[in-house]
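Close look at the chain arrangement
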Amino acid sequence: MKKEKILVVEDEKEISDLIEIYLVNDGYEVLKAYNGEEALNILKNERVHLIVLDIMMPGMDGLEVCRRVRENNNIPILMLSAKSEDMDKILGLTTGADDYLTKPFNPLELLARVKSQLRRYIYLNPNSEINDDNDINIKGLTINKKTHEVTVYGRKVDLTPIEFDILALLSQNPGRVFSGEEIFKEIWKEKYFEGNNTVMVHIRKIREKIEDNPRQPQFIKTVWGVGYKIEN
């Protein structure tokens, strides 16, 4: 899986370096700019997935950078401010920032905000180049075919090999309805006998793990009298 690339725009080198250390240690790729013009030039040449943007910078400030980014880009922007009063400016001006933190901030809180914004961005943009051919992304559900890892809105879900194979089968064929017989033959590679409720039991177990409310599933839908499907 490709690393998410984060642009840190901060004119204070110590703060910029600190943010970089935490982001890199958490597995992100980091680009750094020390002023607004430099940041905009980087965005012209690099595919960035999130911007950590300081408001108070010499020359072009963070609010102006944010406005320019928003002219043709919807990537998440996390604003940083040294003054709490600047929060009123962010909220009052339609700059397009997605979130903000006031300095001094806890680096762990910064990481949490970054992860939250990236999750939203990736799930709303399933064709993002962050995801490679091993990943299946449907709404908040992410399935990695290579590692067999499954997450729901960033929460890791532990599935048995059979449960994983059923979920992957449905997810790789969004919109297609599979009967219980089709699923059984595809997963178990055995002859199906009428009245076999094995598939139904496994579907129920999967729902208990991935759905907020298994009785009102948002991922695996039942088409009564036909079978099961997942909508893209």
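Criteria and thresholds
- Residues numbered from 1 in each chain as written.
- Predicted model: local features only at pLDDT ≥ 70, side-chain atom pairs only at ≥ 80, totals over all residues.
- Heavy atoms only, no water.
- Helix = DSSP H or I, 4+ residues; strand = E, 2+ residues; numbered from the N terminus.
- Buried < 20%, exposed > 50% of the residue type's maximum accessible area, 1.4 Å probe, protein only.
- Contact = heavy atoms within 4.5 Å.
- Core = buried A, V, L, I, M, F, W, Y, C linked by side-chain atoms within 4.5 Å.
- Axes fitted to C-alpha atoms, helices over the stretch in contact; angles between N-to-C directions.
- Parallel < 35°, antiparallel > 145°, perpendicular 65-115°, else oblique.
- Nonpolar A, V, L, I, M, F, W, Y, C, P; charged D, E, K, R; others polar.
- Pairing = 2+ DSSP bridges.
- Polar contact = N/O pair within 3.5 Å; in protein donor to acceptor, adjacent residues only side chain to side chain.
- 1 Å grid on protein atoms, 1.4 Å probe; cavity = no way out; pocket = protein on both sides within 12 Å on 5 of 7 lines; lining within 4 Å.
- Points joined across faces, edges and corners; volume = space filled by probe spheres on them.

Within an unreviewed UniProt entry, the label attached to the protein chain reads Response regulator transcription factor, and the organism entered is Acidilutibacter cellobiosedens.

The next thing to look at is the environment of Lys209. Checked against the element boundaries, Lys209 lands in helix α8 (residues 198-210). Judged by its relative accessible area of 29%, Lys209 is partly exposed. Spatially, the C-alpha atom of Lys209 lies 7.8 Å from that of Asp158, the residues being 51 residues apart in sequence. Once residues within four sequence positions are removed from consideration, Lys209 is found in contact with Arg155, Val157, Asp158, Leu159, Thr160 and Glu163.

On to the nonpolar core, then. Among the nonpolar cores identified, the biggest contains 27 residues, and Val150, Leu167, Leu170, Ile183, Ile210 and Ile220 are the most heavily contacted of them. With six residues, helix α6 (residues 161-171) is the single largest residue contributor to this core. Here Ile220 is in contact with Leu167, Leu170, Ile203, Ile206, Arg207, Ile210, Glu211, Tyr228, Lys229 and Ile230, once residues within four sequence places are set aside. Within the second largest apolar cluster, 21 residues are counted, among which are Leu40, Ile75, Met79 and Tyr121.

Let us now look at the packing of helix α7 (residues 180-188) against α8. It is the contact of α7 with α8, at a shortest axis distance of 9 Å, that shows an interaxial angle of 85°. Put simply, α7 runs roughly perpendicular to α8. Contact with α7, carried on its side by Gly180, Ile183, Phe184 and Trp188, involves Thr198, Val199 and His202 of α8 and no other residues of that element. Classifying every residue of the contact of α7 with α8 by side-chain character gives four nonpolar, three polar and no charged.

Read across the open sheet, the five strands follow the order β2-β1-β3-β4-β5; overall the sheet is parallel. Every other strand in the sheet has two partners, leaving β2 (29-33) and β5 (99-102) as the edge strands with one partner each. With direction set aside, neighbouring strand axes in the sheet form an average angle of 20°. Sheet analysis places strand β1 (residues 5-9) next to β2, joined by five bridges and oriented parallel. Residue pairing in the sheet places Val9 in a bridge with Ala33 of β2. Strands in contact with helix α2 (residues 36-45) are β1, β2 and β3 (50-54); relative to β2, the strand with the most contacts, it is inclined by about 140°.

This part is about the packing of α6 against α8. Close contact between α6 and α8 brings their axes to 10 Å; oriented N to C, the two are set at 85°. The orientation of α6 relative to α8 falls into the category roughly perpendicular. When α6 is examined against α8, the residues Ile162, Glu163, Ile166, Leu167 and Leu170 are found in contact with a partner set consisting of His202, Ile203, Lys205, Ile206, Lys209 and Ile210. Split into classes, the residues belonging to the contact of α6 with α8 amount to seven nonpolar, one polar and three charged.

Once that is clear, we can look at the side chain of Thr142. Structurally, the position occupied by Thr142 is in strand β7 (residues 141-144). Among the residues examined, Thr142 registers a relative accessible area of 11% and is labelled buried. At a separation of 2.9 Å, a polar atom in the side chain of Thr142 contacts the side chain of Asn137.

Quick look at the layout of surface pockets now. Estimates place the volume of the second largest pocket at around 230 Å³. Residue lining of the second largest pocket: Gly180, Tyr192, Asn196, Asn197, Val199, Met200, Ile203, Arg204, Arg207 and Tyr228, and that is the complete set. Examining the composition of the lining of the second largest pocket, we find that five residues originate from one element, α8, more than from any other. Partitioning the lining of the second largest pocket into residue classes produces five nonpolar, three polar and two charged.

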